[in-house]
Structure formats: C-alpha cells, structure tokens
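Read off the chains here:
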Amino acid sequence: MSLPPPGDDALPPGRIKSRPEDFRVDEVPLYEPSGRGGHVFVHLEKRGLTTDEAVRALARAVGAAPRDVGVAGMKDKIAVTTQWVSVPVPQAGRAGAADELLARLHGLELPGLRVLAAHLHDHKLKTGHLEANRFTLVVRGVPRARAAEVQARLAALEVRGVPNAYGEQRFGVRGDNVERALRWIRGEASPPRDTRLARLHWSAVQSWLFNEVLARRLADGTWAIPLEGDLLKKEASGGLFHCTDVISDRARADAFEVSPTGPMVGVKMMAPTGAPGDLEREVIDGGLGPDFDLAKVRKFGEGTRRALRFPLRELATELLEDDAGRPDECAIRARFVLPKGAYATTVLRTAVRLYETAAETRASLGAEATPDSLPPDLLPSSPSPDARKLELHDD
C-alpha cells in the first residue's frame, strides 16, 4: 500500500488523548545505572504533567535545584509516561548521604508523579541519553468500516519507514517563528535579545527548509530511495556518505541499513551532489535567498543532516470497542517502538486524520516546546503551503 499524501482529508478520522491513559510512553534507557557514584538515577511515572513540571516537583521533594536534575528527553503532558532522570547526591562525600537520598526516593508519590525505582550512578543523565521510546496509543472514533485500512497503512510503515517531517509545533504556538526569523535574518527587524529564542527561530527555519525538501521527495516518491549524489545516513552508526553505487545503496535502503537525508542548513552542513543537491539548493535559495551568508547565523546553529525517514519497530495493532456507544465506530490500540527524537503522532497521521480538542492541544504544548525536543505538531497552522502538506504530524 502506498503512503497517502500527508494530511490527506480522505484518511479516516480518529481521536487521540481522550484521556491520559490513551497515550502511554515508556522511555527505553541507553544504559543501566551502575549502582555507585554521586548521582541517583530515578525511574519515575508521571500523569498529566510536563517533564519540566515533574522535574520541579521531584526537586522540591528531595531538596535539589531543578537545574541539577538530569533529563534524557521530554515527554508529553496529556499522557502516562515513564522516564529516567538523575538527582545529585547532596554532600556526596558525607557518609550515609547517598543512602538517605535513596530512602527518601523509595516509594515516593506526589500529585501526578510516582517513583518506580532509584539507583546510584556515576554521572548526571544527559540530554539524548536514551535508546528509544515505546508507545502504547489508543485512537478512538475510527469508522469501523475503515479500521482494517488504518491497520494496513500502519503495517506498511514497517517496511519503508515513516517520513521524518517536523510538525507544526516546531514553528511556534502561533506558527510564525519562520516569518519572525526571516525578518531579522534579512535585517528587517532586530533579532531577539534572548539567544535561546534566536536559536529557536533559526531551528524553525532549518526545519521549514527540511520539510520543503521532504515534501518534494514525497511528491516524486524518492523519500526512501537513494539517488546518485544523495548523502546517506547509516542507521547503525549515524555516519554519512555520498551515494555513488545506486543499485547497492538501494538494496541497503530496502534493508533499512541506510536512508537518504535532508538539510538542516548551516555553515558546517555537508551537501549532496547531483539531482538531490540541485533540489536542496533550489529550496534553500528560494527560502533564504541565493546570496545568503550562513556565517551570519552560525552561533544559532551550524547545520547537520537529518534522515528523511525513521524506522517503526515492533508494531502491533488491535481493535477495541469504542466507549462512546456508537456502533459504527471503534478504537484501535497501536503499540510500537520509535528511535529517540521521533514522534508517535507523525506515525499515526500517515494512517488517520487525527484531532484533539483545543484544550488538549494547549495542554500538550505546555513547557515541552523546546528547540531540540518538541511534541507532535497538533496546531492548525504551518509556515508554508508545502509544510501544510506535511501535516504528518508531529512533535
């Protein structure tokens, strides 16, 4: 089954996050705590809280500063999620200090938060130090007559992968971060004084240009197919290399050993050659102008490559009776594993026209919308017509 155009109105409707239990995320750690050291790795479960809110609550409970709490990744608010965080041992050199902190954490329960386990480790948990995320999601309000179609579309993603589009949250709550960034980049306005906000604006521009390239390659069917000159990314190591042997590299892509990449624009970004390079130059010149000097924005982001797709692993779906009492509707429970940085709603939007209530959308945004870790895009606006086509959706 071929992928539908992203955001296709012909897709059957479905509703997510009707309740937190319908959206479960379990973080898969990159490594296990060592059992010794000056930090405590805390495995916690939260419900109806952003990660930032959970960190602040935990820090208050144990007398730590929130800035000293280590977090591998952000998790949704309207959800039940588990993840690891780290807390420093106070006065780590004092005899008994670690045991006191472990005792305080053991069985700790706070509103919307409970500690599942706590173990010593040598260092603070760092951003990105997770292996993957395991999702268990319930999509409600699916027309019963089209449930098998939804399941088939999801199954097709295990073979070709999922288009790796950035969702609309990446572009700001009002969807205007690209326009705001372009104004100060072009000298039409003053840049933000807050460096973090300027980085956020520039990351929106990078994401917009990436989405434009992905939209073009979705349109011509090459988003998962290596072309001569493509910069390919190795799934195992993340290494990059140019495609020079199309037949061999396409076989590797079919085995999901490599994937084509798109631009995260910056002075240090490697560029493809051939037709992929021509496409990217056309998109980037059209967005920034042919004479734009990337050195001007180097301090906000030096550039990299991003795979045009990501793998979907361990997919399982099952039909459930919807609790709305409508005989022509059902619910679908989907379980799957995604690599870090990939979003579950991006997966679902290839098969279902998702919707949430406005209140749920606002709550989902919460404090999670950071440049590097954004939840699925659930807002109705987008910075460009092509990006609108990519409502896969997102963060």
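Here, residues in each chain are numbered from 1, in the same order as that chain's written sequence. Residues qualify for local features only when their pLDDT is at least 70, as the model is predicted, and side-chain atom pairs are given and counted only at 80 or more; totals for whole chains, interfaces and linings, by contrast, use all residues. For side-chain calculations, the full set of non-hydrogen atoms in the structure is used, while hydrogens and water are omitted.

**Here's the deal with the environment of Asp278**
Part 1: Strands here mean DSSP runs of E at least two residues long; helices mean DSSP runs of H or I at least four residues long; both are numbered from the N terminus. Relative to the assigned elements, Asp278 resides in helix α7 (residues 274-288).
Part 2: The classification of residues rests on relative accessible area computed with a 1.4 Å probe and restricted to protein chains. Under 20% of the type maximum is buried, over 50% is exposed, and intermediate values are partly exposed. Its relative accessible area of 44% is what places Asp278 among the partly exposed residues.
Part 3: A sequence separation of 49 residues divides Asp278 from Gly229, and the C-alpha atoms of the two residues are 9.9 Å apart.
Part 4: Any pair of nitrogen or oxygen atoms within 3.5 Å is treated as a polar contact; in protein, a donor-acceptor pairing is required on top of that, and neighbouring residues in sequence qualify only through side-chain atoms on both sides. Within the structure, the side chain of Asp278 is placed 2.4 Å from the side chain of Arg281, a separation counted as a polar contact.

**Concerning the packing of aromatic side chains**
Part 1: Only centres within 6.5 Å qualify two rings of Phe, Tyr or Trp (six-membered ring in Trp) as a pair; their planes then separate them into stacked at under 30 degrees, edge-to-face at over 60, and tilted for everything else. Enumeration according to the criterion identifies five aromatic pairs in this entry.
Part 2: Ring centres of Phe135 and Phe336 lie 5.6 Å apart, and the angle between their planes is 35 degrees; on these two criteria the pair is classed as tilted. Taken together, the positions of Phe135 in strand β8 (residues 130-143) and Phe336 in strand β16 (residues 329-339) put the pair 201 residues apart, joining distant regions of the chain. With respect to burial, Phe135 and Phe336 carry one shared label: buried.

**A closer look at the sheet that holds strand β10 (residues 231-234)**
Part 1: With antiparallel pairing, four strands are arranged side by side in an open sheet as β11-β10-β12-β13. The sheet is open, and its two borders are formed by β11 (240-242) and β13 (304-307), each paired with just one other strand. Sheet twist, expressed as the mean angle between neighbouring strand axes with direction ignored, is 50 degrees.
Part 2: Any two strands are treated as partners once DSSP identifies two or more bridges connecting them. The sheet contact formed by β10 and strand β12 (residues 258-264) spans three bridges and is antiparallel. If you follow Leu232 over to β12, its bridge partner there is Pro260.
Part 3: When checking whether two residues touch, look at their non-hydrogen atoms; a contact exists if any pair is within 4.5 Å. Note on geometry: axes are lines fitted to C-alpha atoms, helical ones only across the stretch in contact, with angles between N-to-C directions running from 0 to 180 degrees. Packed onto the sheet, helix α6 (residues 246-254) meets β10, β11 and β12 and runs at close to 95 degrees relative to β12.

**Remarks on the packing of helix α5 (residues 195-219) against α7**
Part 1: Between α5 and α7, the least distance of the axes is 10 Å, while the angle of their chain directions is 135 degrees. Relative to α7, α5 is oriented oblique. The hand of the α5/α7 crossing is right-handed. Side by side, α5 and α7 meet where Trp202, Val205, Trp208, Leu209, Glu212, Val213, Arg216 and Arg217 of the first sit next to Pro276, Leu279, Glu280, Glu282, Val283, Ile284, Gly287 and Leu288 of the second.
Part 2: Throughout, the ten residues Ala, Val, Leu, Ile, Met, Phe, Trp, Tyr, Cys and Pro are labelled nonpolar, Asp, Glu, Lys and Arg are labelled charged, and all others, Gly among them, are labelled polar. A class-by-class count of the residues in the contact of α5 with α7 yields ten nonpolar, one polar and five charged. Here is the rule for angles: anything less than 35 degrees is roughly parallel, anything more than 145 is roughly antiparallel, 65 through 115 is roughly perpendicular, and the remaining ranges are oblique. Left-handed describes a crossing whose near helix is turned anticlockwise from the far helix through less than a right angle; right-handed describes the clockwise counterpart.

**Quick notes on the environment of Ser86**
Part 1: Structurally, Ser86 can be placed in strand β5 (residues 80-88).
Part 2: A relative accessible area of 0% places Ser86 in the buried class.
Part 3: Counting along the chain gives 14 residues from Ser86 to Ala72, while the straight-line C-alpha distance between them is 9.1 Å.
Part 4: In this view, Ser86 contacts Val40, Phe41, Asp68, Val69, Gly70, Lys124 and Leu125; residues no more than four positions away in its chain are not counted.
Part 5: In terms of polar contacts, Ser86 uses its side chain to reach the backbone amide nitrogen of Leu125, at 2.9 Å.

**Brief notes about the confidence of the model for the protein chain**
Part 1: Confidence along the protein chain averages 86 in pLDDT terms, with 87% of residues attaining 70 or more.
Part 2: Contacts of residues 1-5 to residues separated by more than four positions or lying in other chains number twelve contacts, the stretch itself having pLDDT below 50.
Part 3: Each residue carries a pLDDT value, the predictor's own confidence for that position, ranging from 0 to 100. Here residues 357-395 scores under 50 on pLDDT; set against residues more than four positions off or in separate chains, the count is 136 contacts.

**Some words on the pairing of β16**
Part 1: Extensive coverage of β16 is indicated by the burial of eight of its eleven residues.
Part 2: As judged from the ten bridges shared by β8 and β16, these two strands associate in the antiparallel manner. Within the sheet, the bridge partner assigned to Val138 lies in β16 and is Arg333.

**A look at the nonpolar core**
Part 1: Only buried residues count toward a nonpolar core, which is a set of Ala, Val, Leu, Ile, Met, Phe, Trp, Tyr and Cys residues joined through side-chain atoms within 4.5 Å. Phe135, Leu154, Leu312, Phe336, Leu338 and Val347 are the most contacted members of the largest nonpolar core, which totals 28 residues.
Part 2: Elements with a minimum of two residues in this core: β2 (23-29), β8, α3 (147-160), β16 and α8 (344-348).
Part 3: Per-element accounting of this core gives the leading share, five residues, to β16.
Part 4: Non-local contacts of Val347, meaning those with residues more than four positions away in its chain, are made with Leu154, Leu157, Val162, Phe310, Leu312, Phe336 and Leu338.
Part 5: Formed by 25 residues, the second largest nonpolar core is a distinct cluster that contains Leu44, Val55, Val89 and Ala98.

**Quick word on the pattern of salt bridges**
Part 1: The term salt bridge refers to a side-chain nitrogen of Lys or Arg lying within 4 Å of a carboxyl oxygen of Asp or Glu. What the rule picks out here adds up to 27 salt bridges.
Part 2: Of the charged contacts in the structure, one is a salt bridge between Arg47 and Glu21, with a shortest N-O distance of 2.8 Å. Of the two residues, Arg47 is situated in strand β3 (residues 39-47) and Glu21 in the loop between β1 (13-15) and β2; the sequence distance between them amounts to 26 residues.
Part 3: Judged by relative accessible area, which is 42%, Arg47 ranks as partly exposed.
Part 4: The salt bridge partner of Glu45 is Arg24, with a shortest N-O separation of 3.4 Å.

**What to know about unusual backbone geometry**
Part 1: The backbone phi angle of Lys17 is positive, close to 60 degrees, even though this residue is not glycine.
Part 2: Phi is positive for Glu314, which is not a glycine, with a value near 55 degrees.
Part 3: Along the chain, Glu314 turns up in strand β15 (residues 313-321).
Part 4: Owing to a relative accessible area of 52%, Glu314 belongs among the exposed residues under this scheme.

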